[in-house]
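In case you want the letters, here they are:
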Amino acid sequence: MALLAVNQVSKHFGGLVANHEVSFDLYEGDVLGLIGPNGAGKTTLFNCIAGFYPLTHGSVTFGGKDITNLKDFQIARLGLARTFQIFQASGDLTVAENVMVGSFMRTRSRSLARKSAEGCLDFLGIADTGGAMMTELPVAAQKRVALATALASDPKLMLLDEVGAGLNPSEIEGLIEILKRIHSERSISLLLTEHVLEMVMAMSHRVIVLESGKKIAEGEPAEVVKDPEVVKAYLGDHFVKRREEDGDA
Amino acid sequence: MEAVKNAFDFADMPKSELTIAGLGMAFLLLFPVLPHSSFAMATMIQFLMFSLYGMGWNLIGGYGGQVDLGKAQYVGIGAYTTAVMMIRWDVPFWISTPIGLALAVGWSFIIGYPLFRLKGHYFAIATIATSLVLKDLFEVWDFVGGARGLELPLKGDFPNWLYLQFREDYYYFYILLGLFVLGLLVVNGFRHSRLGYQLRAIKDNEDVAKSLGIDAHWSKIKAYALATAYVAVVGSFHACYNFNIEPEDIMSLDLSVLIAMMAMLGGAGSMWGPIIGASILVPMKSYLGDWLGGQAGLAGLDLLLYGGIIMFIAAAQPRGVYGIVEAVRARRRK
Amino acid sequence: MEDLGIQVLKSVVSGLLMGLVFALVALGLTVIFGVMDIVNFAHGEFLMIGMYTTLLTSPLLGIDPVLTLPLAGLVGAALGVLSYYGLIRFLLRGPMIAQLFGTFGLMLFLRNLALLTMGSEPRILHKGWLVGKSFIVGPGVVLESTKLAAAVLSIVSFALVWWLINRTKVGRALTATSLDAEGARYMGISTQKMNALAWAVGGASVAIAGGLLVNFWPVEPGVGLLFTMIAFATVALGGFGSVRGAFVAGVLIGLIVNIPPIWDAMLRMIDAAGLADLQIHSFKYTMVYAIYFLIMVIKPQGLFGWKQ
């Protein structure tokens, strides 16, 4: 049975169709990549799955339970964690306190939450930043804190929205290492979106390609990139973009 | 019980802050035996009351970031419950206060539910509206004395602990000081509780908080109710201390804003903020009023200066006095 | 005993007139909010200053109160610009809470400045072209010329502001700033100047409303709060930032608070609940607050809201 089943999910904003009848299954232990050019509807799909937007049509089940009409925080409590593309923190909480908020999903006790948070920070190799404020950290470390916070909530599945954005190649390498460890050592399934292909290709067992809100391909990374429709959707967009940029310059 | 342990756990506070807090507490304990004028005593009592109001407000407004400008309605509920029950049925303070607290908290749940569907300015103005509606209703409600308000009868038999009537102000002072310490411990426990952390996470970023399983709407309502409890109890005390309550005094927008200002000036979202704020604002208002308010032809000058100072603070140091402390500390860390 | 029909007609007429004045009071608030997402607590105090301006300058200059309206507008605009450059500009850098307190401080400041210089005595205009004149337009239906003039000038002011925002270059820059301040900045539109302009327009319109109001409403230093709250309710009902919304909502609220048959029914209902000695005058404004609360909860974006 699939851990996460997305059935015919559509999301409209007024007249705009952000997602159109997208379906896929994610099994326990999967690392599933969700790719597509900018504006393909990846983040919208994430928001639909995680309960941040109500669906226009379709349904989502998680662990065999229908979560279509559940609220965002109820879905989170079932073990579906997500990270955000833009992680804003105004800076009232220290790093350790931030991670503790994740731990508090599973316990009421401050001492237990603190212990679990310390464990997560340690796991991600940023134990020394615990006392700092979020705003004092570089972007790469902030992303790790976001991961640690999600990890502290002890999820079954993590939805990672563009975790690689804004990182340099060596930081991305480190991130891939971390994600692999989260997957293998904590046995957490992963669903990641990325418009930087490099990371998804290195991590995913399977990838799904979205374009203009529709699923256009699904399969192993190596096969999918050969799919002519994917090449057209993906590279075409990039080529057009590059030409525009060149034209501007 | 971990909750009790949390309330007494000050380990995460810097030594310097604890030292200052200890000195301050010693001063408060000794204040009545030090030489002082009765005006200074009255000002100290106001300081303690406004510290408690501000501590309550800080739970939802500071830690939760929800700018509540309607706290006066709960001062009114607390004060009127105590006054009405004493006038009509001779109910002592110690029984009417918990009842007033329960009524206020109950009301806070009822209006908190729709209120917290709103955010930002919309929330702030809606809190004003609810408070003014209640005030206007009290002004036309004969049962509670209408706009003229209520006068509490003298029960005699001083010192009267049942009805909280004393000849000497230091009785009131020490009762308030007891509430003040209790209030501080509850804030400290709250700060370390799951709700405390969750509320700060909501203030930081509500979407992230929800993704961590936090029911933001319900958490805010709970913190709002706890904040209300502080305000209602001090309201009950106010009725006994003042002997006279009227809607214009205790349910006005000015009081709501003043309550919020304590925390805002001292530093919203920090434990000492409301106390710092009250220790600056209350004496300032009180002495400005004493100095200028009474003089013929100068009516309004005290509040004019007061308004000017508020404007200046809001413009120059929006994070309050404690914000300066934190900024200095952050710079030193680097 | 009057006929119910006439009673309704009377209240509709006076509600309409009052509503147009409310709309004018709210106009400035909605313009400011639309451009910069800031709520001005001192809005009613601007109105009060407009009232005093007309009250004092008319005998001083020896001209009719109506002719002092441009002066009231000028004073209001200057006050708006001064507030913006002296205070609001700095508040915008801080969190929302600082904005609320900053303008609250301004409110205390202006209110007590008035108390200090004018005293607490309520005052009203006793003479002038408009005062004391009225038209009888039907059996029992009397139009006071003060209110009629206020209503007409309210419509004129709305037309002017509408024209300014929709038909002029400056207006388009203003709209651009309110939609996307950063984007507008790249287009070479100075946010500072646009904000100041919004405060000038806002201050002028509310001060003119004050100059009209003082013909039939006594002025005292504390008069502002009621109008601030009415303006908040009006702006909320119409939708924060919507000029058209403020107009419609102002009229609606004017009608709601001026329909005695409804209030009679309310009175009876409340009487039955054991309430007597009802001060209907203050109580009908309670309704305004209640309406505000209900609108915010049921339809936070208001009737014509486009922000949020």
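The structure presented is a predicted model; accordingly, all values stated were derived computationally and were not measured.

### So, the domain arrangement of chain A
Residues and elements named next belong to chain A. Domain boundaries assigned for chain A yield domain 1 (4-79 + 157-248) and domain 2 (87-154). Computed over C-alpha atoms only, the centres of domain 1 and domain 2 are separated by 25 Å. Opposite the 20 residues of domain 1 that make contact, domain 2 presents 13 residues. At the boundary of domain 1 with domain 2, total buried surface from both sides reaches about 1300 Å², with 70% on carbon and sulfur atoms.

### Focus: the packing of aromatic side chains
If you walk through the whole model with that rule in mind, you get 33 aromatic pairs over all chains. Pairing Tyr84(C) with Tyr85(C) gives two aromatic rings, centres 5.3 Å apart and planes at 75 degrees, and the pair type is edge-to-face. You can call Tyr84(C) buried: its relative accessible area is 1%. Its relative accessible area of 33% is what places Tyr85(C) among the partly exposed residues. Geometrically, the ring pair formed by Trp217(C) and Phe227(C) is edge-to-face, given 5.1 Å between the ring centres and 70 degrees between the ring planes. Taken together, the residues Trp217(C) in the loop between α8 (191-213) and α9 (224-238) and Phe227(C) in helix α9 connect sequence positions 10 residues apart. Seen from the ring of Phe52(A), Arg82(A) lies directly overhead, with NZ or CZ sitting 5.0 Å from the centre.

### Some thoughts on the nonpolar core
Grouped together as the largest cluster of nonpolar side chains are 284 residues, with contacts concentrated most on Leu4(A) and Leu191(A). Leaving out residues up to four positions away in the same chain, Leu4(A) has contacts with Phe24(A), Asp25(A), Leu26(A), Ile49(A), Val60(A), Thr61(A), Phe62(A), Leu80(A), Leu157(A) and Leu191(A). Counting residues in hydrophobic clusters, the runner-up holds 5 residues, among them Leu17(C), Leu143(C), Ala151(C) and Val251(C).

### Some points on the sheet that holds strand β1 (residues 4-13) of chain A
Residue and element names in this part refer to chain A. With respect to topology, 4 strands assemble into an open sheet ordered β2-β1-β4-β5, the strand pairing being antiparallel. Because the sheet does not close on itself, it has two edges, and the strands there are β2 (16-26) and β5 (65-66). Pairing of β1 with β2 involves 7 bridges; the strand directions are antiparallel. Paired with His-12 across the two strands is Val-17, which belongs to β2.

### Some remarks on the packing of helix α5 (residues 145-167) of chain C against helix α6 (residues 169-179) of chain C
Helix-helix packing: each pair is described by the crossing angle between the helix axes and the interaxial distance. Residues and elements named next belong to chain C. With their axes 5 Å apart at the nearest point, α5 and α6 run at an angle of 75 degrees to one another. On the basis of the axis angle, α5 is roughly perpendicular to α6. When α5 is examined against α6, the residues Leu-164, Ile-165, Asn-166 and Arg-167 are found in contact with a partner set consisting of Lys-169, Gly-171, Arg-172, Leu-174 and Thr-175. Class assignment for the residues of the contact of α5 with α6 results in 3 nonpolar, 3 polar and 3 charged.

### So, the interface of chain B and chain C
Chain B puts 48 residues into the contact, and the matching count from chain C is 49 residues. Where chain B abuts chain C, roughly 4200 Å² becomes buried across the two surfaces, and 79% of that area is made up of carbon and sulfur atoms. For chain B, the biggest contributors to the area lost against chain C are His121(B), Tyr122(B) and Val140(B); these three give 18% of the whole. The interface formed by chain B and chain C holds 1 salt bridge in total. Between Arg111(C) and Asp254(B) there is a salt bridge, with the nearest N and O atoms lying 3.6 Å from each other. For the interface between chain B and chain C, the tally reads 0 residue pairs in polar contact (both at pLDDT 80 or more). Those elements that place two or more of their residues in the side of chain B that touches chain C are α5 (93-115), α6 (120-140), α12 (253-266) and α14 (301-316) of chain B. For the side of chain B that touches chain C, the element with the most residues is α6(B), which contributes 15 residues.

Rules used throughout
All chains use their own residue numbering, which begins from 1 and follows the written sequence. Chain labels run from A onward and ligand labels from 1 onward, assigned in the order the entries are written. In view of the model being predicted, local features appear only for residues whose pLDDT reaches at least 70, and side-chain atom pairs are presented and counted only at 80 or more, with totals across whole chains, interfaces and linings using the full set of residues. Only hydrogens and water are set aside when side-chain values are computed; all heavy atoms of the structure are taken into account. Where each domain starts and ends follows an automatic or database-derived domain assignment. By definition in these notes, contact holds between two residues if any of their heavy atoms fall within 4.5 Å. Throughout, buried area stands for the accessible area (probe radius 1.4 Å) lost by two parts on being put together, summed over both. Each Phe, Tyr or Trp ring, with Trp reduced to its six-membered ring, pairs with another whose centre is within 6.5 Å; inter-plane angles below 30 degrees give stacked pairs, above 60 give edge-to-face pairs, and intermediate values give tilted ones. A simple rule labels every residue: compare its accessible area, found with a 1.4 Å probe on the protein chains alone, to the largest value its type can have, and call it buried under 20%, exposed over 50%, or partly exposed in between. Starting at the N terminus, helices and strands are each numbered in turn, a helix being any DSSP run of H or I of at least four residues and a strand any DSSP run of E of at least two. Placement of a positive charge over a ring is assigned whenever Lys NZ or Arg CZ falls within 6 Å of the ring centre and within 35 degrees of the normal to the ring plane. Residue types Ala, Val, Leu, Ile, Met, Phe, Trp, Tyr and Cys, when buried and joined through side-chain atoms within 4.5 Å, form a set referred to as a nonpolar core. Two strands make a pair as long as DSSP finds a minimum of two bridges between them. Every axis corresponds to a line fitted to the C-alpha atoms, with the helix fit spanning only the stretch in contact, and the corresponding angles, defined between N-to-C directions, vary from 0 to 180 degrees. Note on angle classes: values under 35 degrees are labelled roughly parallel, values over 145 roughly antiparallel, values of 65 to 115 roughly perpendicular, and the remainder oblique. Any residue outside Ala, Val, Leu, Ile, Met, Phe, Trp, Tyr, Cys, Pro, Asp, Glu, Lys and Arg is labelled polar, Gly included; the first ten of those are nonpolar and the last four are charged. The term salt bridge refers to a pairing of a side-chain nitrogen on Lys or Arg with a carboxyl oxygen on Asp or Glu at a separation within 4 Å. Under this definition, polar contacts are N or O atom pairs within 3.5 Å; protein pairs additionally need one hydrogen-donor-capable and one acceptor-capable atom, and for neighbouring residues in sequence, both atoms have to be side-chain atoms.

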